[in-house]
Amino acid sequence: MIYDSTCIACPHCDVVYRLSAARMVTRTRCLRCGYQLTLGKSEAIARVVGLALTSTILMGIVLFAPFLHLNAGPFASSASVADVVLGFATGIMMPLAFAVLIFIIVVPVARSLLLIYALAPLLTGHANASGAQSSLRWAFVLKPWAMAEIFMVGVAVALVKIGGMATVHTGTAFWAFVLLVVVNTFQDTFMCRNTLWTSLATNTT
Ligand SMILES: [Zn+2]
């Protein structure tokens with residue numbers, strides 16, 4: 001058997017199937033173990049676009065709502081993620097602030113917008129937007145560089161450290177961020193590249 005792009009392997013039990021383009025955009029399950037190999041076309045697209053929209057909105061909340069409130073004796077302070085990033089943006093810390101801005105905020109938002117731009121016309125029954133295929137390709141290329149969850153790990157470590165010195169209350173943005181990490185994980189787990197590519201390539205409306 002010659003393996004090419006029409007082949008799909010079951011990640012659970014390793015059986016390899018050859019699917020036609022038409023079969024690729026329907027819901028398929030592994031015959032041996034029942035693992036869901038591909039999502040149905042409209043289901044996969046609706047899920048990806050919906051989750052991309054959700055994460056864009058959550059990112060808006062994360063940026064500007066209060067992230068943490070600190071109380072230490074007579075001192076009280078409240079900071080949003082935008083405050084944190086801008087607070088670093090002086091002198092030697094400038095590259096760090098820049099990296100945080102790019103990897104935590106710009107890349108994840110860009111990915112969501114690219115996915116919406118490429119896939120939303122399929123949902124509404126319109127023809128592909130110009131450059132839809134390269135938008136989708138870029139959304140996949142950027143995936144390893146979207147590191148919102150790494151920021152969450154940093155925040156957790158910092159919370160443990162300052163927890164002994166001050167009273168820390170989590171703000172709206174903190175919980176929005178937690179939700180964002182969950183949404184992103186969910187999206188990556190359910191994003192069926194085969195279905196997305198095939199639907200985009202075969203959209204002739
Ligand atoms: Zn299987």
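## Describing the coordination of the zinc ion
Here the zinc ion is held by the protein donor atoms Cys10 (SG), Cys13 (SG), Cys30 (SG) and Cys33 (SG), which lie 2.2 to 2.3 Å from it. Its four donor atoms give the zinc ion angles of 106 to 115 degrees at the centre, a pattern that matches the tetrahedral case. Considered as a linear motif, the donors of the zinc ion on their single chain read C-x2-C-x16-C-x2-C. You can call cysteine 30 buried: its relative accessible area is 4%.

## Some details on a nonpolar patch on the surface
Residues Val84, Phe88, Ile92, Met93 and Leu96 make up a contiguous nonpolar surface patch of roughly 450 Å² in combined accessible area. Tracing the backbone through its elements, the reader meets leucine 96 in helix 4 (residues 94-123). Taking relative accessible area as the criterion, leucine 96 reaches 40% and is therefore assigned partly exposed.

## Concerning the packing of aromatic side chains
Counted under the stated rule, the structure contains seven aromatic pairs. Centre to centre, the rings of phenylalanine 151 and phenylalanine 177 are 5.4 Å apart; their planes meet at 40 degrees, and the pair counts as tilted. Pair noted here: phenylalanine 151 is in helix 6 (residues 148-163) and phenylalanine 177 is in helix 7 (residues 172-190), with a separation of 26 residues, a long-range link. With respect to burial, phenylalanine 151 and phenylalanine 177 carry one shared label: buried. On the basis of an interplanar angle of 85 degrees and a centroid distance of 5.0 Å, the ring pair of phenylalanine 174 and tryptophan 175 is categorised as edge-to-face. Of the residues examined, phenylalanine 174 reaches a relative accessible area of 9% and is grouped as buried. The exposure class assigned to tryptophan 175 is exposed, which follows from its relative accessible area of 51%. Taken together, the ring pairs connect Phe67, Phe151, Phe174, Trp175 and Phe177 into an aromatic cluster.

## What to know about the domain arrangement of the chain
By a frequent convention, interface size equals the accessible area lost on bringing the separate parts together. Entries for the chain in the domain assignment read domain 1 (1-38) and domain 2 (40-201). For domain 1 versus domain 2, the separation of C-alpha centres amounts to 31 Å. Facing the eight residues of domain 1 at the interface are eight residues of domain 2. Between domain 1 and domain 2 lies a buried interface of about 620 Å² when both sides are counted; carbon and sulfur atoms form 56% of it. Of all residues in domain 1, the largest losses of buried area upon contact with domain 2 belong to Met24, Val25 and Arg27, amounting jointly to 65% of the total for that side. Summed over the shared surface of domain 1 and domain 2, the result is zero salt bridges. Applying the counting criterion to the domain 1 and domain 2 interface returns zero residue pairs in polar contact (both at pLDDT 80 or more). The residue inventory of the side of domain 1 that touches domain 2, partitioned by class, reads five nonpolar, two polar and one charged.

## Quick word on the nonpolar core
Membership of the largest hydrophobic core comes to 24 residues, with the highest contact counts inside it found for Phe67, Val81, Phe151 and Phe177. For this core, the secondary-structure elements that each account for two or more residues are helix 2 (41-64), helix 3 (81-88), helix 4, helix 6 and helix 7. The dominant element in this core, judged by the number of residues it contributes, is helix 7, at seven residues. Apart from the residues within four sequence positions on either side, phenylalanine 177 is in contact with Val62, Phe67, Ile104, Ala148, Phe151 and Met152. Core analysis: the second largest hydrophobic core is formed by 16 residues, Ile45, Ala52, Leu196 and Leu200 among them.

## Some words on the side chain of asparagine 184
Inspection of the secondary structure puts asparagine 184 in helix 7. What asparagine 184 contacts, discounting residues up to four positions off in sequence, is Ser55 and Ala148.

## Points about unusual backbone geometry
Phi at aspartate 14 is positive, roughly 70 degrees, even though this residue is not glycine. Within the secondary structure, aspartate 14 is located in the loop between strand 1 (7-9) and strand 2 (16-18). Its relative accessible area of 63% is what places aspartate 14 among the exposed residues.

Rules behind the numbers
- Residues numbered from 1 in each chain as written.
- Predicted model: local features only at pLDDT ≥ 70, side-chain atom pairs only at ≥ 80, totals over all residues.
- Heavy atoms only, no water.
- Donors = N, O, S within 2.8 Å, 3.2 Å for Na, K, Ca; no water.
- Tetrahedral: all angles 85-135°; square planar, octahedral: opposite > 155°, others 65-115°.
- Buried < 20%, exposed > 50% of the residue type's maximum accessible area, 1.4 Å probe, protein only.
- Patch = residues over 30% accessible without salt bridge, like charges linked within 9 Å, V, L, I, M, F, W, Y side chains within 5 Å.
- Areas by Shrake-Rupley, 256 points an atom, 1.4 Å probe, with all protein chains shown as cover.
- Salt bridge = Lys/Arg side-chain N within 4 Å of Asp/Glu carboxyl O.
- Helix = DSSP H or I, 4+ residues; strand = E, 2+ residues; numbered from the N terminus.
- Phe/Tyr/Trp six-rings, centres within 6.5 Å; stacked < 30°, edge-to-face > 60°.
- Domains from an automatic or database assignment.
- Contact = heavy atoms within 4.5 Å.
- Buried area = accessible area lost by both parts, 1.4 Å probe.
- Polar contact = N/O pair within 3.5 Å; in protein donor to acceptor, adjacent residues only side chain to side chain.
- Nonpolar A, V, L, I, M, F, W, Y, C, P; charged D, E, K, R; others polar.
- Core = buried A, V, L, I, M, F, W, Y, C linked by side-chain atoms within 4.5 Å.

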